[in-house]
Amino acid sequence: MIDQNAQKKLAGEYAVRYVKDDMVVGVGTGSTVKYFIDKLAEIKHKIRGAVSSSSQTTNLLKQYGIAVLDLNSAGPLDIYIDGADEINHSLEMIKGGGAALTQEKIIAASSRKFICIADESKYVMKLGNFPLPVEVIPLARSYVAREMVKLGGAPNWREEVITDNGNYILDVHNLDILEPIALEEKINNIVGVVTNGLFAKRGADELVLAKRDGSLDVLR
Ligand code: 5RP
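Our subject in this report is the structure included herewith. (Residues numbered from 1 in each chain as written. Predicted model: local features only at pLDDT ≥ 70, side-chain atom pairs only at ≥ 80, totals over all residues. Heavy atoms only, no water.)

## Comments concerning unusual backbone geometry
Right, so step 1: Positive phi is not limited to glycine here, since L91 has a value of about 65°.
Right, so step 2: Checked against the element boundaries, L91 lands in the loop between β4 (86-87) and β5 (93-94).
Right, so step 3: Classification of L91 as buried rests on a relative accessible area of 4%.
Right, so step 4: Positive phi outside glycine occurs at N174, with the angle close to 70°.
Right, so step 5: You can see N174 is positioned in the loop between β9 (168-173) and α7 (180-188).
Right, so step 6: On the accessibility criterion, N174 (60% relative accessible area) is exposed. (Helix = DSSP H or I, 4+ residues; strand = E, 2+ residues; numbered from the N terminus. Buried < 20%, exposed > 50% of the residue type's maximum accessible area, 1.4 Å probe, protein only.)

As structure tokens, then:
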């Protein structure tokens, strides 16, 4: 048996095999991604660079001397590697635990292939046990919170966090996520919402799932 951190390392390091010569790699955010970046650094001379999803990831990439490129000039990308807070059997996800959901969703949309790297605890039958992060324009915080209550959710303002875009995060508990794509679209249509953490319309293409028994599955 291996612990959650060891599972994250296993999945993160495995994902480096998706990186081919001369690629520009989209890089997500979080502790699983950190293990991917540690390994990516070993082959940094083979790639053109990376597009980063957060200031946290940018700092890490720069520490390793990996070139950080602008998506506007580097995209579309061949590949995007990122973790998830939850992922279901259809490879739909909840993301945004690290508050980087908006950039993550933009890079995912601009990439041909999204590889999700995760430990076994993230693999769920139904999304929604993890509270859904919603990035909101500061002025809209209370309005969006009331709209979330109308959808059956219990929003909680992540008060200590300002996103890289200068916005707030609401963590919405208790949502009954029966149709992830429909809910993703509905929440995105609320004025003042920048992005919500449902990654269903553009889910992952592959899941690298590290398991407690030390084995690894690749699901498509
Ligand atoms: C950041 C994310 C992360 O992918 C998610 O929170 C998983 O993080 P970790 O790998 O640390 O468990 O969506 O916004």
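## Describing a nonpolar patch on the surface
Right, so step 1: Nonpolar side chains collect at one region of the surface, where I137, L139 and V194 lie side by side and expose about 300 Å² of accessible area between them.
Right, so step 2: With respect to the helices and strands, I137 occurs in the loop between β7 (132-136) and α6 (141-150). (Patch = residues over 30% accessible without salt bridge, like charges linked within 9 Å, V, L, I, M, F, W, Y side chains within 5 Å. Areas by Shrake-Rupley, 256 points an atom, 1.4 Å probe, with all protein chains shown as cover. Salt bridge = Lys/Arg side-chain N within 4 Å of Asp/Glu carboxyl O.)

## Regarding the site of the ligand
Right, so step 1: With respect to spatial proximity, 17 residues lie near the ligand, and among them S31, T32, D85, G96 and K122 are the closest.
Right, so step 2: Note that an oxygen atom of the ligand is positioned 2.5 Å from one of the side-chain N or O atoms of S31.
Right, so step 3: Separating an oxygen atom of the ligand from a backbone N or O atom of A100 is a distance of 3.4 Å.
Right, so step 4: Protein chains shield 91% of the accessible area of the ligand, which is 380 Å² for the free molecule.
Right, so step 5: For the shell around the ligand, the residue count by class is three nonpolar, eight polar and six charged. (Near = heavy atom within 4 Å. Polar contact = N/O pair within 3.5 Å; in protein donor to acceptor, adjacent residues only side chain to side chain. Nonpolar A, V, L, I, M, F, W, Y, C, P; charged D, E, K, R; others polar.)

## Considering the packing of aromatic side chains
Right, so step 1: In total, this model carries three aromatic pairs according to the counting rule given.
Right, so step 2: Between Y80 and F114, the aromatic rings sit 5.0 Å apart at their centres with planes inclined by 80°, giving edge-to-face as the arrangement. Taken as a pair, Y80 in strand β3 (residues 77-82) and F114 in strand β6 (residues 111-119) lie far apart in primary sequence, 34 residues in all. This pair shows no difference in class: Y80 is buried, exactly as F114 is.
Right, so step 3: Between the NZ or CZ atom of K95 and the centre of the ring of F199, over which it lies, the distance is 5.5 Å.
Right, so step 4: Against the face of W157 rests R141, its NZ or CZ located 3.7 Å from the ring centre. (Phe/Tyr/Trp six-rings, centres within 6.5 Å; stacked < 30°, edge-to-face > 60°. Lys NZ or Arg CZ within 6 Å of the ring centre and 35° of its normal.)

## Quick look at the pairing of strand β12 (residues 206-210)
Right, so step 1: A large share of β12 lies buried, amounting to five of its five residues.
Right, so step 2: Of the two faces of β12, both are covered, the one formed by E206, V208 and A210 as well as the one formed by L207 and L209.
Right, so step 3: Bridge analysis of β6 against β12 gives five bridges, and the strand direction is parallel. Residue pairing for β12: I117 is matched across the bridge by V208.
Right, so step 4: Direction of pairing for β12 relative to strand β13 (residues 216-219): antiparallel, over a ladder of four bridges. Note on β13: the bridge partner recorded for V208 is V218.
Right, so step 5: Linking β12 back to β13 in an antiparallel pair, the connection comprises five residues, with G214 at a positive phi of about 90°. (Pairing = 2+ DSSP bridges.)

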